[in-house]
Amino acid sequence: MDSKRDMPRHIAIIMDGNGRWAKERGLLRTQGHLEGVKRVDEIVEASSKMGLKALTLYTFSTENWTRPEDEVSMLMQTLVTVLEQKLRKLHDNGVRFRVCGSRDGAPKFVLHTFDKAAEYTKDNTGLTLNIAFNYGGRQEILDAVRGIAQEVKAGSLEPSAINENVFSDHLYTKGLPDPDLLIRTSGELRISNFLLWQLSYAEFYFTEKYWPDFTPAELEKAIGDYQRRERRFGSIRTVSGGGA
Ligand code: IPE
Ligand code: IPE
Ligand code: MG
């Protein structure tokens with residue numbers, strides 16, 4: 001990473017491989033999640049220090065409800081406990097916490113903790129930590145379409161006025177720039193229903209490392225890789241980001 005070169009403004013991460021990390025060590029999957037939580041803390045701190053504007057972390061998808069009940073409840077409990085423990089530190093570092101996902105079907109105690117954290121940090125101007133929870137890209141698009149349809153029906157929006165900006169403003173990520181860089185750990189080469197609209201021109205970085213092995217040094221490596229890319233956005237020369 002070269003801090004003098006173009007830095008991504010927004011990084012999105014699919015934190016994958018906790019289960020395999022644990023299995024390879026003869027541990028329980030839940031122990032993999034607990035190790036993964038330590039990396040979350042380090043990656044958030046590193047992102048904040050390097051002046052990143054936004055970091056979106058995929059913590060739980062709309063499809064993850066199909067996992068065994070004890071794993072799901074462990075993940076819910078861990079999210080709440082860790083956020084309560086770290087909230088003060090996040091706030092002191094100027095981090096603004098927000099959530100990205102559907103409220104439908106999400107446990108009340110989790111939403112309550114998230115709402116409190118978002119309210120507590122809402123005026124912070126440092127890193128925006130965007131937690132994708134009960135998140136599904138298709139669900140998000142459907143929710144946006146429903147919101148837009150209601151405004152059209154109420155007469156407050158003309159169909160001809162629906163453009164990319166209007167659409168983006170109806171997504172959970174309203175107000176955030178699109179991710180410049182998507183990172184997925186654990187060697188899987190797919191996006192698993194993550195940020196379908198927002199990733200249209202993101203640079204993708206895949207690593208074999210499991211999430212519990214993804215240290216801040218690995219993040220810097222990914223950013224260094226991003227900085228060597230040439231982003232063209234359909235044009236024939238570099239427009240912005242990467243290359244330079
Ligand atoms: C990512 O690790 C964490 C969540 C999806 C919550 P996994 O739990 O998917 O780990 P693997 O992919 O089974 O190794
Ligand atoms: C994506 O990982 C979701 C999160 C990291 C929260 P999964 O492990 O659920 O994705 P698939 O099932 O391998 O596509
Ligand atoms: Mg996985």
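Okay, so let's go over this structure. (Residues numbered from 1 in each chain as written. Chains lettered and ligands numbered in written order. Predicted model: local features only at pLDDT ≥ 70, side-chain atom pairs only at ≥ 80, totals over all residues. Heavy atoms only, no water.)

### Section: the side chain of Ser186
Working step 1: Following the sequence through the fold, Ser186 ends up in the loop between β5 (181-184) and β6 (203-206).
Working step 2: Judged by its relative accessible area of 5%, Ser186 falls in the buried class.
Working step 3: Ignoring sequence-local partners within four residues, the contact set of Ser186 consists of Asp16, Gly17, Arg20, Thr207, Glu208, Lys209 and Tyr210. (Helix = DSSP H or I, 4+ residues; strand = E, 2+ residues; numbered from the N terminus. Buried < 20%, exposed > 50% of the residue type's maximum accessible area, 1.4 Å probe, protein only. Contact = heavy atoms within 4.5 Å.)

### Re the layout of surface pockets
Working step 1: Here the largest pocket is characterised by a volume of approximately 970 Å³.
Working step 2: For the largest pocket, the lining is made up of 41 residues, of which Met15, Asn18, Tyr58, Thr59 and Phe60 are closest to its centre.
Working step 3: If you list the elements that add at least two residues to the lining of the largest pocket, you get α1 (18-24), α2 (29-49), β2 (54-61), α3 (69-92) and β4 (128-135).
Working step 4: Top element by residues in the lining of the largest pocket is α2. It accounts for nine residues.
Working step 5: Its residues assigned to classes, the lining of the largest pocket shows 18 nonpolar, twelve polar and eleven charged. (1 Å grid on protein atoms, 1.4 Å probe; cavity = no way out; pocket = protein on both sides within 12 Å on 5 of 7 lines; lining within 4 Å. Points joined across faces, edges and corners; volume = space filled by probe spheres on them. Nonpolar A, V, L, I, M, F, W, Y, C, P; charged D, E, K, R; others polar.)

### With respect to α3
Working step 1: Relative to the 34 Å expected for 24 residues at 1.5 Å per residue, α3 spans 35 Å between its end C-alpha atoms, a close match to the ideal helical length.
Working step 2: Along α3, the helix axis deviates most sharply at Lys86, where the bend reaches about 50 degrees.
Working step 3: Along α3, the residues classified as buried are Glu71, Val72, Met74, Leu75, Met76, Thr78, Val80, Leu83, Leu87 and Leu90.
Working step 4: Packed against the buried residues of α3 are α2, β2, β3 (96-100), α4 (108-120) and β4.
Working step 5: Remark: Gly94 follows α3 within two positions and exhibits a positive phi of approximately 75 degrees. (Expected span 1.5 Å × (residues − 1). Bend = angle between axes of the 7 residues up to and from the residue.)

### Brief notes about the nonpolar core
Working step 1: With 37 residues, the main nonpolar core has Ile11, Ile13, Leu55, Leu129 and Ile183 as its most contacted residues.
Working step 2: Contributions of two or more residues to this core are made by β1 (10-14), α2, β2, α3, α4, β4, β5 and α7 (216-227).
Working step 3: Take this core: its biggest share by element is seven residues, from α3. (Core = buried A, V, L, I, M, F, W, Y, C linked by side-chain atoms within 4.5 Å.)

### Describing the site of ligand 2
Working step 1: Residues in close proximity to ligand 2 include Ile14, Met15, Asp16, Tyr58, Thr59, Phe60, Asn64, Arg67, Arg184, Arg190 and Ser192, which together make up its full environment.
Working step 2: One of the side-chain nitrogen or oxygen atoms of Asp16 is found 3.2 Å away from an oxygen atom of ligand 2.
Working step 3: Here an oxygen atom of ligand 2 sits 2.6 Å away from a polar atom, N or O, in the side chain of Ser192.
Working step 4: Burial of ligand 2 by the protein chains amounts to 78% of its free accessible area of 390 Å².
Working step 5: Comparing atom positions with the cavity grids shows ligand 2 to sit within the largest pocket.
Working step 6: In terms of residues, the shell around ligand 2 owes the most to one element, β2, which gives three residues. (Near = heavy atom within 4 Å. Polar contact = N/O pair within 3.5 Å; in protein donor to acceptor, adjacent residues only side chain to side chain. Areas by Shrake-Rupley, 256 points an atom, 1.4 Å probe, with all protein chains shown as cover. Sits in = over half its atoms within 2 Å of the grid points.)

### Describing the packing of α2 against α3
Working step 1: In contact at an axis separation of 11 Å, α2 and α3 are set at 25 degrees when each is read in the N-to-C sense. Our classification of the angle between α2 and α3 gives roughly parallel. The chirality of how α2 crosses α3 is right-handed. Counting all contacts with α2, which are made through Arg29, Thr30, His33, Leu34, Val37, Asp41, Val44 and Glu45, the residues of α3 involved are Glu71, Met74, Leu75, Thr78, Val82, Lys86, Lys89 and Leu90. (Axes fitted to C-alpha atoms, helices over the stretch in contact; angles between N-to-C directions. Parallel < 35°, antiparallel > 145°, perpendicular 65-115°, else oblique. Left-handed = near helix turned anticlockwise from the far one by under 90°.)

### A word on a nonpolar patch on the surface
Working step 1: Judged by side-chain polarity, Leu189, Phe204 and Phe206 come together as a nonpolar surface patch covering roughly 290 Å² of accessible area.
Working step 2: With respect to the helices and strands, Leu189 occurs in the loop between β5 and β6.
Working step 3: Taking relative accessible area as the criterion, Leu189 reaches 66% and is therefore assigned exposed. (Patch = residues over 30% accessible without salt bridge, like charges linked within 9 Å, V, L, I, M, F, W, Y side chains within 5 Å. Salt bridge = Lys/Arg side-chain N within 4 Å of Asp/Glu carboxyl O.)

### A few points about the environment of Trp21
Working step 1: Inspection of the secondary structure puts Trp21 in helix α1.
Working step 2: For the pair formed by Trp21 and Arg231, sequence separation is 210 residues and the distance between their alpha carbons is 33 Å.
Working step 3: Look past the residues within four positions of Trp21 in its chain and what remains in contact with it is Leu27, Gln31, Gly32, Glu35, Tyr210, Pro212 and Asp213.

### Digging into the environment of Tyr120
Working step 1: Mapped onto the elements of the fold, Tyr120 is located in helix α4.
Working step 2: Beyond its immediate sequence surroundings of up to four residues, Tyr120 is in contact with Leu87, Arg88 and His91.

### Things to note about unusual backbone geometry
Among all residues save glycine, negative phi is the norm, and among peptide bonds the norm is trans.
Working step 1: Phi at Ser192 takes a positive value of approximately 45 degrees, unusual for a residue other than glycine.
Working step 2: As for its position among the elements, Ser192 is in the loop between β5 and β6.
Working step 3: Phi at Leu195 is positive, roughly 45 degrees, even though this residue is not glycine.
Working step 4: Along the chain, Leu195 falls in the loop between β5 and β6.

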